[in-house]
Amino acid sequence: MSEIFENIPKIPYEGSASKNPLAFKYYDADRIVMGKPMKEHLPFAMAWWHNLGANGVDMFGRGTADKSFGAAEGTMEHAKAKVDAGFEFMQKLGLNYFCFHDVDLVPEAEDIKETNRRLDEIADYILEKMEVTGIKCLWGTANMFSNPRFMNGAGSTNSADVYCFAAAQIKKALDITVKLGGRGYVFWGGREGYETLLNTDVKFEQENIARLMKMAVAYGRSIGFTGDFYIEPKPKEPMKHQYDFDAATAIGFLRQYGLDKDFKLNIEANHATLAGHTFQHDLRISAINGMLGSIDANQGDYLLGWDTDEFPFDVYETTMCMYEVLQAGGIAGGFNFDAKTRRPSYTYEDMFEAYILGMDSFALGLLNAAEIIEDGRIGEFVHDRYESFRSGIGARIVNGETTLEELAAYAEKMGKPELPGSGRQEYLEGIVNSILFKK
Ligand code: XUL
Ligand code: CO
């Protein structure tokens, strides 16, 4: 078969001194870090929608990139050309996984039976490529936000008919995910929210979303899906207020409706920052609740109030992300580049350079985070900071051996506590800098 990205070779690792734009500077797949090769710490995935679909169209202008891959858009030939392009792309970059929405794979037909037939056809084609290349599926999902029928949401819609249509799409997307051996299945509730409370019954909508998720779990398990379901929190955009606001909100929802055994979270950097958190915050909240499932690896722009889906470049962010992931003992999911090149970056080379940037930024993050952990000063500082709870009255509190009255009596006898000790934030930030930058 002829190549699509003809002038682009398999991307080599050349080290940080390399000036070759089509080479990795830090991502060295087999390099061992904390006892494991980089590629196992970082199961990177290609996002079908951005990489093979997004052509740079925005609210003010047409697309700038040609993603036809030699076939007429909206046809099954084009769907297959995307598969060819995608697998060539992943092989050249050494990406071992991909993620998809149903409608990323095939053009949606008027009739869902025809859409499903097309999905079966393309899944067979993808499966052949997977067998030849060894590339795997990280997760699948159903797009329940683009079609006008989902203007009021899918699980949260006011229309029972639309709800059934969403169920049909989830059922098929699960079938395809299982067929392709996906590790996970994502719910991103882009339209699950509201514009105004004047027309919305929030309690009813949330209960209905939970019912849909329960049915999805029951069906998934019945067809042999053993992976994790994920909620991908996002506070807003496209809806003004989305129900899965952030990690803490999504965890509360999953526990309230008894979904927490089957679900974990897919944390996206740019969604966390839109919620007013750091990426690291939402990772930590997920991890300490046993809910860190997978990661959508991208970054936002602090000057803009929307989801810019940029390729990760900020190495402080990737370092703090990997610091959380390493401390959590790794993730069962992976790192999906839910990211797109900027509109003026419209060439095939830009597609590759974007992934090289993202993979190198995470490789640097991994190396830095491993060094922070091995250095030990930060971990030790955090440990020592809570020393007062390891003996005496502190230990009795932790062991649940005391009462409010006893503590009050202790405080009265003591008179006045000492100040609790410096947090030494500036000292700790200096350690991070000295690990990141060795000039
Ligand atoms: C949108 C977003 C989605 C999900 C999958 O902000 O992140 O692409 O990752 O539906
Ligand atoms: Co995402």
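Residues numbered from 1 in each chain as written. Chains lettered and ligands numbered in written order. Predicted model: local features only at pLDDT ≥ 70, side-chain atom pairs only at ≥ 80, totals over all residues. Heavy atoms only, no water.

Enquirer: Would you mind going over the overall build of the protein chain with me for this structure?
Expert: Looking only at helices and strands, the protein chain has 16 helices and 12 strands in total. Its C-alpha radius of gyration of 24 Å places the protein chain within 12% of the 22 Å reference for a compact globule of 439 residues. The buried share of the protein chain, reckoned over its 439 residues, is 49%. Looking at the protein chain alone, contacts between residues at least 24 apart form 74% of all its contacts between residues at least 6 apart. Carbon and sulfur atoms make up 54% of the accessible area of the protein chain, which totals about 21200 Å². In the protein chain, 45 side chains carry a positive charge and 65 a negative one; their mean positions are 2 Å apart. (Helix = DSSP H or I, 4+ residues; strand = E, 2+ residues; numbered from the N terminus. Rg over C-alpha atoms; globule rule 2.2 N^0.38 Å. Buried < 20%, exposed > 50% of the residue type's maximum accessible area, 1.4 Å probe, protein only. Contact = heavy atoms within 4.5 Å. Areas by Shrake-Rupley, 256 points an atom, 1.4 Å probe, with all protein chains shown as cover. Lys, Arg positive; Asp, Glu negative; His and termini not counted. Charge placed at Lys NZ, Arg CZ, Asp CG, Glu CD.)

Enquirer: Just to check I follow, could you spell out the site of ligand 1 for this structure?
Expert: Looking at ligand 1, the residues that line it are Trp49, His101, Trp139, Phe145, Trp188, Glu232, Lys234, Glu268, His271, Asp296, Asp307 and Asp338. Side-chain polar atom of His271 to an oxygen atom of ligand 1: 2.9 Å apart, as the coordinates give it. Contact distances for ligand 1 include 3.0 Å between an oxygen atom and a side-chain N or O atom of Asp307. Here ligand 1, which alone exposes 290 Å², has 93% of that area covered by the protein. Looking at side-chain class alone, the shell around ligand 1 contains four nonpolar, two polar and six charged residues. (Near = heavy atom within 4 Å. Polar contact = N/O pair within 3.5 Å; in protein donor to acceptor, adjacent residues only side chain to side chain. Nonpolar A, V, L, I, M, F, W, Y, C, P; charged D, E, K, R; others polar.)

Enquirer: How do you make sense of the state of the cysteines when you look at a structure like this?
Expert: Each disulfide consists of one covalent bond between the sulfur atoms belonging to two cysteines. Applying the stated rule across the entire model yields zero disulfides. Between Cys99, a free cysteine, and Cys137, which holds the nearest cysteine sulfur, the sulfur-to-sulfur gap is 6.6 Å. Residue Cys99 is classed as buried on the basis of its relative accessible area of 0%. The thiol sulfur of Cys321 is not disulfide-bonded, and the nearest other cysteine sulfur, from Cys99, lies at 15 Å. On the accessibility criterion, Cys321 (0% relative accessible area) is buried. (Disulfide = S-S within 2.5 Å.)

Enquirer: Please clarify how the coordination of the cobalt ion (ligand 2) should be interpreted in this entry.
Expert: Note on metal geometry: ideal angles are 109.5 degrees for four donors arranged tetrahedrally and 90 or 180 degrees for six donors arranged octahedrally. Looking at the cobalt ion (ligand 2), one finds its protein donor set to be Glu232 (OE), Glu268 (OE), Asp296 (OD) and Asp338 (OD), positioned 1.9 to 2.1 Å from the metal centre. Between the six donor atoms coordinating the cobalt ion (ligand 2), the angles at the centre fall across 79 to 173°, so the site counts as octahedral. Counting residues between consecutive donors of the cobalt ion (ligand 2) along the chain gives the motif E-x35-E-x27-D-x41-D. Note that Glu232 is positioned in the loop between β8 (228–231) and β9 (241–242) and Glu268 in strand β10 (residues 263–268), a separation of 36 residues in sequence. You can call Glu232 buried: its relative accessible area is 4%. (Donors = N, O, S within 2.8 Å, 3.2 Å for Na, K, Ca; no water. Tetrahedral: all angles 85-135°; square planar, octahedral: opposite > 155°, others 65-115°.)

Enquirer: So what exactly am I meant to see when it comes to the sheet that holds strand β4 (residues 97–101) here?
Expert: Paired through their backbone hydrogen bonds, the strands of a sheet run either parallel or antiparallel. Ordered by their spatial adjacency, eight strands build a closed barrel running β3-β4-β5-β6-β8-β10-β11-β12, and the pairing between neighbours is parallel. Along the sheet, successive strands turn relative to each other by an average axial angle of 30°, direction set aside. Here strand β11 (residues 292–296) runs beside strand β12 (residues 335–337); their pairing, made up of two bridges, is parallel. Directly across from Asp296, in β12, lies its bridge partner Asn336. (Pairing = 2+ DSSP bridges. Axes fitted to C-alpha atoms, helices over the stretch in contact; angles between N-to-C directions.)

Enquirer: Would you explain the packing of helix α11 (residues 315–327) against helix α12 (residues 348–375) in this entry?
Expert: Think of two packed helices as two axes; the pair is described by the angle between the axes and how far apart they sit. α12 packs onto α11 with a crossing angle of 55° between their chain directions and a minimal axis gap of 7 Å. Our classification of the angle between α11 and α12 gives oblique. When you trace α11 past α12, the crossing you get is right-handed. When α11 is examined against α12, the residues Val315, Thr318, Thr319, Cys321, Met322, Tyr323, Leu326 and Gln327 are found in contact with a partner set consisting of Ser361, Phe362, Leu364, Gly365, Leu366, Asn368, Ala369, Ala370, Ile372 and Ile373. A breakdown of the residues in the contact of α11 with α12 according to their chemical character gives 12 nonpolar, six polar and no charged. (Parallel < 35°, antiparallel > 145°, perpendicular 65-115°, else oblique. Left-handed = near helix turned anticlockwise from the far one by under 90°.)

Enquirer: Is there a simple way to think about the nonpolar core in this case?
Expert: Nonpolar side chains in soluble globular proteins generally cluster together in the buried interior. Of all hydrophobic cores here, the largest spans 120 residues; its most connected members are Trp48, Leu93, Phe98, Ile126, Phe335 and Phe362. Each of two domains, domain 1 (32–375) and domain 2 (378–436), supplies a minimum of three residues to this core. In contact with Phe362, other than residues within four places in its own chain, are Leu42, Phe44, Phe279, Ala297, Pro312, Thr318, Cys321, Met322, Phe335 and Phe337. (Core = buried A, V, L, I, M, F, W, Y, C linked by side-chain atoms within 4.5 Å. Domains from an automatic or database assignment.)

Enquirer: So what exactly am I meant to see when it comes to the packing of aromatic side chains here?
Expert: Given two aromatic rings, their pairing is described by the distance between the two centres and the angle made by the two planes. Applying the stated criterion to the full structure yields 30 aromatic pairs. Ring centres 5.3 Å apart and planes at 75° place the aromatic pair Phe24 and Tyr27 in the edge-to-face group. Accessibility assignment for this pair places Phe24 and Tyr27 in one class, buried. Here Phe44 and Phe335 contribute two aromatic rings whose centre-to-centre distance is 6.3 Å and whose plane-to-plane angle is 70°, an arrangement assigned as edge-to-face. (Phe/Tyr/Trp six-rings, centres within 6.5 Å; stacked < 30°, edge-to-face > 60°.)

These results come straight from atomic positions and should not be treated as a statement about function.
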